[in-house]
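Listed below, chain by chain, are the residues.
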Amino acid sequence: MPVGVQAPEASPGRYRRRRDEDDDDGGGGGGCDDVLGVDVVDNGADPFDIPAKRASVERLRRWRQAALVLNASRRFRYTLDLKKEEEKEQIRRKIRAHAQVIRAALLFKEAGEKNAPTELPGLANLLKTNSEKGIHGDEADLACRANAFGANRYPRKKGRSFLGIKEGWYDGASIAFAVFLVIFVTAVSDYKQSQQFQHLNEEKQNIQVEVIRGGRRFQVSIFDIVAGDVVALKIGDQVPADGVLISGHSLAIDESSMTGESKIVTAVGLNTEWGLLMASISEDNNEETPLQVRLNGVATFIGIVGLSVAAMVLVVLVARYFTGHTTNPDGSPQFVKGQTSVKSTIFGTIKILTIAVTIVVVAVPEGLPLAVTLTLAYSMQKMMADKALVRRLSACETMGSATTICSDKTGTLTLNQMTVVRSVVGGIKLKSPADIENLSHVVTSLVREGIAQNTSGSVFEPELHMKFVEEKSKSSIIHVSPFNSEKKRGGVAVIVGDSDIHVHWKGAAEIVLALCTNWLDVDGKIHEMTPDKVDEFKNYIEEMAEESLRCVAFAFRNLDLVDVPNEDERVNWELPDNDLTFIGIVGMKDPCRPGVRDAVELCINAGVKVRMVTGDNLQTARAIALECGILTDSQASAPVIIEGKVFRAYSDVEREAVAEKIAVMGRSSPSDKLLLVKALKKKGNVVAVTGDGTNDAPALHEADIGLAMGIQGTEVAKESSDIIILDDNFASVVKVVRWGRSVYANIQKFIQFQLTVNVAALIINVVAAISSGNVPLNAVQLLWVNLIMDTLGALALATEPPTDQLMKRPPVGRREPLVTNIMWRNLFIQAVFQVAVLLTLNFRGQDLLHLTQDTLDHANKVFNEFNSRKPEELNIFDGVSRNHLFLAVVSITVVLQMMKEQLHLCDCASPSSQNDEL
């Protein structure tokens, strides 16, 4: 180590990895000790080895669970109270978490303020890395580093286990099979849903970061970063691990205004401050969506009705019993005052109580929560296949009610593949970018210098027609003003030679042009910017914009070295953007995505208004909007097509008045988008917003549904969103709308199916109980009805795929009832039909059908299930052949019913087992 360089202080446990394997298994560090100089220590221990002092609560609990102790409360009354100890430990964890947050903030602040370049070579040597080229990056090197320092991961909350989802005890071996089926189906569906949420959570946290390995930049998962990696950060990126800043400009942690920084990774996973903090904090996905809340209200109301009816039946049956109106099969009264024994009276009362409880169980719709869970889990899985990652469950439902979509242009409606097709340099049009070689050396060097130094990201030289690295080496950056979506421009100050300072600006063409007082001709001579020359350049810009080209202008100015602040004062230095010299304009073509026009037309037919919010000028925005189908009138004017600054200048009342008329907003800033979202929401719209930048976070958060872009979007934007569009395609946004409507429609189907059966079953049981003192369904049959009605019915109807018919309806309003008038009509007709048929069969079935047996078994009627598939259509069988899961569930239902009848799995003493309903 060089003299004067102090070795970094080792943290306790830092760079030590726990192992469960024995040393004999070959789990040692191998050759990595020589490469990295870090020992891999084995800290494994027998979990049942109780130390003499400070034994962990978990080990004490294992011993108590492993030993069979009589009267455990007495035996352990003088030992450690594990419950209280666990409560104390939870308090300690909270205190530690707060301490970790404070410590992490202080360390980040210290790292940003510290400037010790002499320590960097020593640290790089210790980690066997290079501050410019990074680590070697081969498989052996990565494996050794991961083995020595650990993976960049931290423990997460485990998903719900398969067993233990639901448990219950039921009397009687005769109903064990039905109970097993209910538990099994519910557990499997709940487990799959939990696994799905766990998978989506992992996808959400699998952030891609840019690292430098072998002199080239690569996109890798945040989990694959190893100690010694050189990470390139840009605006809005999440800092993936603890590290040391190598170089950068305008660094501000947590304020998302970084650009072009690199840092060496010094610790990953649990060895980082963030990892230690996140290990004690687990994300919980068990949120309750608005639709679930409304359904819980419906279920509660139905349960109250069932309890009321059951109470009424209980009073009637008790009165009938004790007045002697309840008779035995031979006609004799069941209760005679002074003659009936106490035992018989108790049994008779229990039987009446059982009937009342049966009515309650029939009335309560247990399948509603299961239907919502199945629908959301199924929809989230399918939406993932359609390139949409759901971060919040409520967004699945809300998206189906969206009335307007405020979409970005670049990368969403277009491909974000910029190609320079027009250029004006030195006041003349160039036929091709290669013609720049015919310009003077002064113009050529300024253009190349401005492009090389005022560009962030990875550049592929063969396609650039210039030696990018060589051009960057001719000058050095002394200060950067990152591109700002408010100012629509970005700048950089470079020093050429010993004293020449050039300030280069690049941004929106008309904005940069307005800052220029001079212009540069083809010979490199500077001329004053006259009004006629301004109009000439504006005409060039308008011509390019009418061809739907994005116009970017370049300008520069010279500075004296004395005008540049010293290094300590340069942090707050604002680059001068006045008295600029205009260099030229380029027009870049960004073609529309294939299928965008059809997707926009589909939204319009579905009653969803699509609005384009872009930073481009009005002419470019108009051309793209016409190409996408957002605008149909090429002569449209304000307020249909409006500039952001104009909308921003309106009062709140004026903004609300024009917001719904706006189709295109050009030259808009993120704050303009936020104002538009607020105005639309005040007018009663359900607003979906797309965004990709850090400054889009407020609008994404304010919108009813925030849609972040998965490719171009920053981590700040993704964290503020509800759904991430993985392919940045507007067509995927429309698919999300389709799935959102499908969730709502499937829930309505199940509600109609559930309420129809509940109403019919309730009426049948009440009438039968009051008239004869018995209910048609015994306990086993009741469980069977619940199994078919709730579990399998929910599975069949909740997984109906979306249809084209869904996108021909208007959006569902915020306050529209779950049960529509059409559903009430279907419910009433179907319930009346079932009640009439079943009452007839219950009281006159043997006479009408001339049966000699006491038991009347009938096959389950599945028509109600089919009828609920299409509540608003006459052809209820349309598309049923394409829903294989629905057909499978119906087939399983029929097979199970036949098995129940043939194997006599239930007691069929009641003359009405035909009341088993789907």
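Source: prediction; values computed, not measured. (Residues numbered from 1 in each chain as written. Predicted model: local features only at pLDDT ≥ 70, side-chain atom pairs only at ≥ 80, totals over all residues. Heavy atoms only, no water.)

Undergrad: I'd like a description of the overall build of the chain, backed by residues and values.
TA: Looking only at helices and strands, one finds 28 helices and 22 strands in the chain. In the chain, 69% of the contacts between residues at least 6 apart in sequence involve partners at least 24 apart. Accessible surface for the chain amounts to roughly 46600 Å². Of this, 55% is attributable to carbon and sulfur atoms. (Helix = DSSP H or I, 4+ residues; strand = E, 2+ residues; numbered from the N terminus. Contact = heavy atoms within 4.5 Å. Areas by Shrake-Rupley, 256 points an atom, 1.4 Å probe, with all protein chains shown as cover.)

Undergrad: Requested: an account of the sheet that holds strand S7 (residues 404-407), with residues and values cited.
TA: In sheet architecture, strand pairing relies on hydrogen bonds along the backbone and comes in two forms, parallel and antiparallel. With mixed pairing, the 8 strands of this open sheet are ordered in space as S6-S22-S21-S20-S7-S17-S19-S18. Because the sheet does not close on itself, it has two edges, and the strands there are strand S6 (388-390) and strand S18 (641-643). Across the sheet, the mean angle from the axis of one strand to that of its neighbour is 20°, orientation sign disregarded. Its contacts with the sheet place helix H21 (residues 670-682) against S7, strand S17 (609-613), strand S19 (664-666) and strand S20 (687-691), and it is angled at close to 170° to S20. (Pairing = 2+ DSSP bridges. Axes fitted to C-alpha atoms, helices over the stretch in contact; angles between N-to-C directions.)

Undergrad: Mind laying out the environment of Ile 246, listing which residues take part and the relevant values?
TA: Among the secondary structure elements, Ile 246 is positioned in strand S4 (residues 242-249). Along the sequence, Ile 246 and Ser 131 sit 115 residues apart, while their C-alpha atoms lie 6.9 Å from each other.

Undergrad: Account for the confidence of the model for the chain, with residues named and values stated.
TA: Summarising the model, the chain shows a mean pLDDT of 75, and 68% of its residues fall at 70 or more. Between the elements of the chain, mean pLDDT differs from a low of 44, seen in helix H3 (residues 72-75), to a high of 95, seen in strand S13 (residues 516-520). Here residues 904-918 is modelled with pLDDT under 50, and outside its nearest four sequence neighbours on either side it reaches 58 contacts, counting other chains as well. (pLDDT = per-residue confidence, 0-100.)

Undergrad: So, the nonpolar core: which residues are in play, and what are the values?
TA: By size, the foremost hydrophobic cluster in this structure holds 75 residues, and its most contacted members are Ile 630, Val 664, Ile 705, Ile 723, Phe 730 and Ile 751. For this core, the element with the most residues is helix H24 (residues 730-772), which contributes 14 residues. Of the residues that make up this core, three or more belong to each of domain 2 (291-380 + 738-905) and domain 3 (388-415 + 593-728). In this view, Phe 730 contacts Ile 405, Ser 407, Thr 412, Leu 413, Arg 593, Val 596, Ala 599, Val 600, Cys 603 and Val 610; residues no more than four positions away in its chain are not counted. (Core = buried A, V, L, I, M, F, W, Y, C linked by side-chain atoms within 4.5 Å. Buried < 20%, exposed > 50% of the residue type's maximum accessible area, 1.4 Å probe, protein only. Domains from an automatic or database assignment.)

Undergrad: How would you explain the packing of aromatic side chains if you had to name every residue and give the values?
TA: By the definition in use, this model includes 7 aromatic pairs. Both rings, one in Tyr 321 and one in Phe 322, keep their centres 5.1 Å apart while their planes meet at 85°; by these two values the pair is edge-to-face. An angle of 70° between the planes, with centres 5.1 Å apart, marks the rings of Phe 322 and Phe 335 as edge-to-face. In this pair, Phe 322 sits in helix H9 (residues 290-322) while Phe 335 sits in the loop between H9 and helix H10 (342-363), placing the two residues 13 residues apart along the sequence. For Phe 322, a relative accessible area of 39% translates into the label partly exposed. Following the ring pairs from residue to residue traces out a cluster consisting of Trp 519, Phe 537, Tyr 540 and Phe 582. The ring of Trp 505 has Arg 489 sitting right over it, with the charged end atom 5.7 Å from the ring centre. (Phe/Tyr/Trp six-rings, centres within 6.5 Å; stacked < 30°, edge-to-face > 60°. Lys NZ or Arg CZ within 6 Å of the ring centre and 35° of its normal.)

Undergrad: Let's hear about the pattern of salt bridges: which residues, and what values?
TA: Under the definition given, this model contains 22 salt bridges. We note a salt bridge from Glu 536 to Lys 533, for which the minimum N-O separation is 3.1 Å. Remark: Lys 533 and Glu 536 occur in helix H16 (residues 531-546); sequence separation between them is 3 residues, near one turn of the helix. The exposure class of Glu 536 is partly exposed, given its relative accessible area of 26%. Lys 533 gets classed as buried once you look at its relative accessible area, which sits at 14%. For the salt bridge of Glu 643 with Lys 645, the shortest nitrogen-to-oxygen distance reads 3.8 Å. Members of the salt-bridge network, linked through shared partners, are Asp 408, Lys 673 and Asp 696. (Salt bridge = Lys/Arg side-chain N within 4 Å of Asp/Glu carboxyl O.)

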